[in-house]
Amino acid sequence: RFDHNQEHDLEKFIPLGSVILKDFDLIDRNMVNGNDLFAYLDQAKALERWGEELGKEINIGENSTISNYYLFWKYLKETYHVFREELLQENLAYSGLAYRQVAENIDAVLDKNEIQHAVFVGFNLLSTSELTIMQKLDSRKKASFYFDADSYYLNNPLHEAGFYLRKYKDWLEERFKTEQDFIGTDQKKITIYSVSNKVTQAKLAGDLLAKQITQLAENQEINSFKTTINHTAILLPDETMLQPLLHSLPVESAFITKTGVSVKELLNVTMGLSIDKTPLFHLIDNLFSLQENFHPNELGETLIYYKDVIKLLRHSYIQYSKNYKTDYELIQNNIEKIQKNNQVFVRLDELLEYGKTTKFYKVLFRNWNGNIRTALDSFHELIEVLSELFDSEYNVFEKECLFKFYTVVVELEDALENYYNSLTINTFKHFLYEVLRSQDIPFTGEPLAPIQVMGMLESRTLDFENIIILSCNEGILPKGKTHNSVIPFDIRLSFGLPTHVENDATFAYTFYRLFHRAKNISLIYSTSQGDDSNGSSEKSRFLTQIQAEMSHLPNLKIEEKQVLMSLPDRAALPLSVPKDEAILERVQMYLAVQGITPSYLNMYIGSPLEFFERKILNLNDPEEVEEHMMVNTFGTVVHGFLEKSLEKFVGKNVQKADLEAIIADDKSIDAAITEAIRQEKKGIVVEQGKNFILKHVAHYLIKTFLGLQSQKETPFYLISQEKRMETILEMDNFFGKKIKIKIAGKTDRIDIFEGKIRIIDYKTGTYTSTDLKVKTFEDLLLLPEKGKVVQLLVYKYLFLKNLLEGKIKNVPANWAVKEIESNHKIVQSGFYFFRKLEDGFKEFVLEDEPADTQEFMTYVENFIRIIIQDLLDPARPFSQEPSDFGLGKIGISEQDEAEWTL
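Here the structure is a predicted model, which is why all the values come from computation and not from measurement.

Peer 1: Could you give me a rundown of helix α21 (residues 425–437), with the residues and numbers involved?
Peer 2: Compared with an ideal rise of 1.5 Å per residue, which puts 13 residues at 18 Å, α21 spans 18 Å between its outermost C-alpha atoms and is within 8% of the ideal. Residues Ile 425, Thr 427, Phe 428, Lys 429, Leu 432, Tyr 433 and Leu 436 constitute the buried set of α21. On its buried side, α21 packs onto α1 (10–29), α13 (279–292), α19 (372–389) and α20 (396–416).

Encoded structure:
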């Protein structure tokens, strides 16, 4: 408006615009001189800029962000005046401006509206314009005033509940006739409850109401209760508690039969539920997220981010389809397909084709292409589809939400009709959300019902015999020091604009006024920091004030109680599964067919129950889309590259020059890693984000590893890669049976270096020096943290077994198997840890490892037999806790190590 040469971004201004409008409203409502305030603010910002530049060489260009920041304060004053003038010329006004116009033209307003007398009831906080109107009417003898005040806080100059009323008392003098002493004289019971979480508050409120009604029934006072007006109020400072509360009220048939009361029929909900707290709003929000993440691929196909797709398909409204079974199966199959194929981005045409038999796929996954008209058309189609779902008499609330949304869409269509081409989707989204957040879904009920559920502000001027207030936490009761304003605190203070002090005083009056005529007051707060609210886990300072300042009053009985949820004893017991005949038969089949591997041995040693769930019952983790490479995927990619790059050297010597040639070809390494990632997890994106970084980390680790190998460990002879080895272990007279167990394992690499055969496993994780050191046989069974040694020990056993049986190919002719038969130390089993590559090849150390090869083989077989015997022992259930394998205790100390025998 003021600088036609400069473009201004409406999208950036909209969030700030609503804040500025509230400030304009506040200025006029309190009749502050706008010229003085904005001139002062402009000068303050000029001083701030001068202070930043003082002693520094700062070159602020005309179009810089800093320059625009200071221009904003200059334009704010002009915006205020021009905006007001244009509104008044069109006979329009925001609320504060309307108040100011009335206050400044009170005589004309009285004459025009023929007002002879005005009655003011129950006011507390008065803005300057309200106070001016009241004083002018009072001076003309045209007003009466009724204030609801209590001498307890009115006569205490430090009590914030009487902050405003004390000001008016001086002005009104004799007219202040409604002061009474309810809090200091009437008998009242105040109970402060602390509960563990947000939901428990609602459950407690429902329980208190149930006990109260039950007591009335026992005293035969139900009939009078049903005809009472405002008998009980349940107050919700946090409106998000409304739904949990409504689901916690006593409505079961047993309660109705016992008391003769249907709470539903005697309940009135005066507060509405904001539409942005409903599932419908979340569905709309998901649609906008979907639109933000539409993007084309290199082939021009439109892709959708998988999380947006799954959030929409799992939304309660979508799964609540008329063709529930058919559509539910289609949705679930679609989600499973996305997860199975690891589709981080889903093709739009593929998605629409998949859901062509349902109405909502076409509506949900329509690409708006940034067009507001298309977005509005999509909303109309969505409303039509949802209205067909909610045609039942039980869907009153959902239908009301839908109707509210429909009216908002129609209003926006009319308001934005001439601006479709000039507004962005984000701007439209802000307008839509601004209107939706101002819409409440009303609850129908009897206004004069004995039980009222309401917000704190709705309780003004109303009295109740019983009060239950939830969410009595600091930051909720009162709201706290939050001001969404462009006017700084010190300037608000200087010009007499209300700050958090005045707001807290208003809240305090609303709170303490409820105490006037109430007999029973229950105040509930949550001690949990995990609650989804703006408050803290501390109780409100109002509750502390009650305990500290009111406990001396003889008419008040103040109690503090903690509500604890007792949990069943069985919840603490470790889980276990007994081994019946069917389970044992299934375990034996598994051992004979699939076989046991080193990793599964370690799983059983660590948790027999986990082994049973994962390997016998196949209860694995649900399949999810892997958007970012997990640890196991990263390790598989590194393994895969090394296998592919060295496969041509199997049965040959690998020279330094061979490895250097691989290292020098960065382009091939990068392409091979990318291909390995996509083969392992198709659909994963490696061109950006975390995966891009991980790909380069893999590139670096591979080059570093091959570089160290070329410098320190060449030449070496490559026997095999990714070699799967198997053997059969027989167990005689096992519980009266002879069984065969398959032992299997796959090693990453087997080579010969410096006269020794090395069985190598690559680890992309890390280790500590103690991980690969074990003193005794028993340690392997009783210490699950020694699993790396178990893995290497079994690998070595499998290699020796297969070598002696002639199953290992590519062993050089000059290597005598008989020599290995007598000296198994020639064979080493160890790791390369990619996080500590400088440590080189790390072999395990087992102090009681037999030196003789045959004794070594027997040693390992006995170790496996003990595990298998424990696994198949019907007297030992599958437990969460590690087994002691009949050794009596878990963990071995050095002092009693010698006592352990098999």
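Peer 1: Provide a residue-level description of the environment of Val 860, including the pertinent values.
Peer 2: Following the sequence through the fold, Val 860 ends up in helix α35 (residues 853–872). Val 860 gets classed as buried once you look at its relative accessible area, which sits at 0%. With 461 residues separating them in the primary sequence, Val 860 and Lys 399 have C-alpha atoms 70 Å apart. Filtering out sequence-adjacent residues up to four positions away, Val 860 remains in contact with Leu 793 and Tyr 797.

Peer 1: Outline the side chain of Gln 439, listing residues and values.
Peer 2: Tracing the sequence through the fold places Gln 439 in the loop between α21 and β12 (440–441). On the basis of relative accessible area, Gln 439 is assigned to the buried category, the value being 17%. Residue contacts for Gln 439: discarding those within four places in its chain leaves Leu 273, Ser 274, Ile 275, Lys 404 and Val 408.

Peer 1: Give me the lowdown on the sheet that holds strand β10 (residues 302–305), citing residues and values where you can.
Peer 2: Pairing is antiparallel in the open sheet, where three strands are placed in the order β9-β10-β11. Looking at strand neighbours, the two that pair on one side only are β9 (295–296) and β11 (345–347), the edges of this open sheet. Across two bridges, the pairing between β9 and β10 is antiparallel. Among the inter-strand pairings, Pro 296 is bridged to a residue of β10, identified as Thr 302. Running at roughly 65 degrees to β10, helix α14 (residues 306–313) makes contact with β10 and β11 of the sheet.

Peer 1: Explain the packing of aromatic side chains residue by residue, including any values.
Peer 2: What the rule picks out here adds up to 44 aromatic pairs. Note on Tyr 164 and Tyr 168: the rings are 6.3 Å apart at their centroids and 25 degrees apart in plane angle, and the pair reads as stacked. Here Tyr 164 pairs with Tyr 168, and both are found in helix α8 (residues 163–172), just four residues apart, close to one helical turn. Tyr 164 gets classed as buried once you look at its relative accessible area, which sits at 7%. Centre to centre, the rings of Phe 777 and Tyr 859 are 5.1 Å apart; their planes meet at 80 degrees, and the pair counts as edge-to-face. Residue Phe 777 is found in helix α32 (residues 777–782), and its partner Tyr 859 is found in helix α35; the two are separated by 82 residues along the sequence. Of the two residues examined, Phe 777 and Tyr 859, each falls in the buried class. Grouped by ring-pair contacts, the aromatic residues Phe 281, Phe 288, Trp 368, Phe 379, Phe 405, Phe 428 and Tyr 433 constitute a single cluster. Positioned above the aromatic ring of Phe 716 is the side chain of Arg 749, whose terminal nitrogen or guanidinium carbon lies 4.5 Å from the ring centre.

Peer 1: Break down the packing of helix α26 (residues 598–606) against helix α27 (residues 608–616) for me, citing the residues and quoting the values.
Peer 2: Where α26 meets α27, the closest approach of the two axes is 5 Å, and the angle between their N-to-C directions is 130 degrees. On the basis of the axis angle, α26 is oblique to α27. Each of Tyr 600, Met 603, Tyr 604 and Gly 606 in α26 lies in contact with α27, whose residues at this interface are Pro 608, Glu 610, Phe 611, Arg 614 and Lys 615. Of the residues in the contact of α26 with α27, the class split is five nonpolar, one polar and three charged.

Peer 1: Explain the nonpolar core residue by residue, including any values.
Peer 2: In summary, soluble globular proteins display a tendency toward joint burial of nonpolar side chains. In terms of nonpolar packing, the biggest core is built from 67 residues, with Leu 591, Ile 757, Leu 781, Phe 799 and Phe 863 touching the most fellow members. Beyond its immediate chain neighbours, meaning those up to four positions away, Phe 799 contacts Met 725, Ile 750, Ile 757, Ile 759, Ile 808 and Val 827. The next biggest cluster of nonpolar side chains, apart from the first, holds 58 residues, and it includes Leu 280, Leu 313, Tyr 317 and Ile 441.

Thresholds, definitions, all that
Residues numbered from 1 in each chain as written. Predicted model: local features only at pLDDT ≥ 70, side-chain atom pairs only at ≥ 80, totals over all residues. Heavy atoms only, no water. Helix = DSSP H or I, 4+ residues; strand = E, 2+ residues; numbered from the N terminus. Expected span 1.5 Å × (residues − 1). Buried < 20%, exposed > 50% of the residue type's maximum accessible area, 1.4 Å probe, protein only. Contact = heavy atoms within 4.5 Å. Pairing = 2+ DSSP bridges. Axes fitted to C-alpha atoms, helices over the stretch in contact; angles between N-to-C directions. Phe/Tyr/Trp six-rings, centres within 6.5 Å; stacked < 30°, edge-to-face > 60°. Lys NZ or Arg CZ within 6 Å of the ring centre and 35° of its normal. Parallel < 35°, antiparallel > 145°, perpendicular 65-115°, else oblique. Nonpolar A, V, L, I, M, F, W, Y, C, P; charged D, E, K, R; others polar. Core = buried A, V, L, I, M, F, W, Y, C linked by side-chain atoms within 4.5 Å.

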